[in-house]
Amino acid sequence: MARRHDPERRQRIIDAAIRVVGEKGLAGLSHRTAAAEADVPLGSTTYHFKSLDELMVAALRQANEGFAKVVAARGGLEDPDADLAVELAGWMGEWLAGDRTGVELEYELYLAALRRPALRPVAAEWADHLAALVARHTDPVTARALVALMDGICLQVLLTGVPYDEEYAREVLARMIPRP
């Protein structure tokens, strides 16, 4: 029997892995659960992703795009006169107001890097990219501190269920930004 050409299969597996993590958590993700969700043979998942870590890396890369899309839609700090605290607080507000499952998924995969070294470079890419954008408006050390603060605010919103308070975020971010 001839092999069926299916150029979208790899992407369907990644999308399925993201859905599985969204529904069952990271512990529920396996080659088998991703294959079942994608409606592909188990061998397809292991063909495209030799290990579960490879599948998680692909899922994390795709999940990271959620925040990147928010940043791009808001202009990515292109305006040199932009109020940095206002922009950063706005980014978080827009991201957290979106699909909550997607945001939780991003953090679950991001935090999985603590136990899965293969995920660490991808998790670091997100923080490095964001810090580079922020550093256009401040020094690199402050940029990294702002990214860490943003991470903390987002994580607290997710963990506590308390609604995101953009005014609070703007105020604490502004406190960290050196005044000219």
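Report follows, based on the coordinates. (Residues numbered from 1 in each chain as written. Predicted model: local features only at pLDDT ≥ 70, side-chain atom pairs only at ≥ 80, totals over all residues. Heavy atoms only, no water.)

The subject of this paragraph is the overall build of the protein. Looking only at helices and strands, one finds 9 helices and 0 strands in the protein. From first element to last, N terminus to C terminus, the protein shows the α and β order α-α-α-α-α-α-α-α-α. Its C-alpha atoms give the protein principal-axis dimensions of about 70 × 30 × 30 Å. Per-residue burial for the protein yields a buried fraction of 44% across its 180 residues. For the protein, contacts bridging at least 24 residues in sequence account for 66% of all contacts bridging at least 6. (Helix = DSSP H or I, 4+ residues; strand = E, 2+ residues; numbered from the N terminus. Buried < 20%, exposed > 50% of the residue type's maximum accessible area, 1.4 Å probe, protein only. Contact = heavy atoms within 4.5 Å.)

In total, this model carries 3 aromatic pairs according to the counting rule given. Ring geometry for Tyr107 and Tyr110: centres 5.7 Å apart, planes at 90 degrees, overall edge-to-face. Linking Tyr107 with Tyr110, this pair stays in helix H6 (residues 100–112), spanning 3 residues, or about one helical turn. Seen from their ring centres, Tyr110 and Trp126 are 5.6 Å apart, and the 70 degrees between their planes marks the pair as edge-to-face. Taken together, the positions of Tyr110 in helix H6 and Trp126 in helix H7 (residues 120–134) put the pair 16 residues apart, joining distant regions of the chain. (Phe/Tyr/Trp six-rings, centres within 6.5 Å; stacked < 30°, edge-to-face > 60°.)

Quick look at the packing of H6 against helix H8 (residues 140–160) now. For the pair H6 and H8, the least separation of the axes is 11 Å and the interaxial angle reads 120 degrees. Accordingly, the angle class assigned to the pair H6 and H8 is oblique. The handedness of the crossing between H6 and H8 is left-handed. Each of Arg100, Val103, Glu104, Tyr107, Tyr110 and Leu111 in H6 lies in contact with H8, whose residues at this interface are Met150, Asp151, Cys154, Leu155, Val157 and Leu158. (Axes fitted to C-alpha atoms, helices over the stretch in contact; angles between N-to-C directions. Parallel < 35°, antiparallel > 145°, perpendicular 65-115°, else oblique. Left-handed = near helix turned anticlockwise from the far one by under 90°.)

A few words on unusual backbone geometry. A positive phi is found at Asp39, a non-glycine position, where the angle reads about 60 degrees. Assignment of secondary structure puts Asp39 in the loop between helix H2 (31–38) and helix H3 (42–48).

Turning next to the packing of helix H4 (residues 52–73) against H6. Two numbers describe how H4 lies on H6: the axes approach to 9 Å, and their chain directions differ by 135 degrees. Of the possible angle classes, the one that applies to H4 and H6 is oblique. Crossing hand, H4 versus H6: left-handed. When H4 is examined against H6, the residues Met56, Ala59, Leu60, Ala63, Asn64, Gly66 and Phe67 are found in contact with a partner set consisting of Leu105, Glu106, Leu109 and Tyr110. Residue composition of the contact of H4 with H6, by class: 8 nonpolar, 2 polar and 1 charged. (Nonpolar A, V, L, I, M, F, W, Y, C, P; charged D, E, K, R; others polar.)

With that out of the way, let us pick up helix H9 (residues 166–176). Along H9, the residues classified as buried are Ala169, Val172 and Leu173. Considered in projection along H9, the buried side chains sweep an arc of 100 degrees and stay on one side of the axis. Exposed residues on H9 whose side chains face more than 90 degrees from its buried face are Glu167 and Arg175. In this structure, the buried residues of H9 make contact with helix H5 (84–97) and H8. (Arc of directions from axis to C-beta.)

A separate point is the pattern of salt bridges. Between side chains of opposite charge, a pair can form as their charged atoms come close. Considering all chains together, one arrives at 9 salt bridges under this definition. Among the ionic pairs, Glu37 bridges to Arg19, the shortest N-O distance being 2.8 Å. With Glu37 in helix H2 and Arg19 in helix H1 (residues 9–24), this residue pair connects regions lying 18 residues apart in the sequence. For Glu37, a relative accessible area of 30% puts it in the partly exposed group. With a relative accessible area of 36%, Arg19 lands in the partly exposed category. With a shortest N-O distance of 2.6 Å, Arg175 and Glu171 are connected by a salt bridge. Linking Arg175 with Glu171, this pair stays in helix H9, spanning 4 residues, or about one helical turn. (Salt bridge = Lys/Arg side-chain N within 4 Å of Asp/Glu carboxyl O.)

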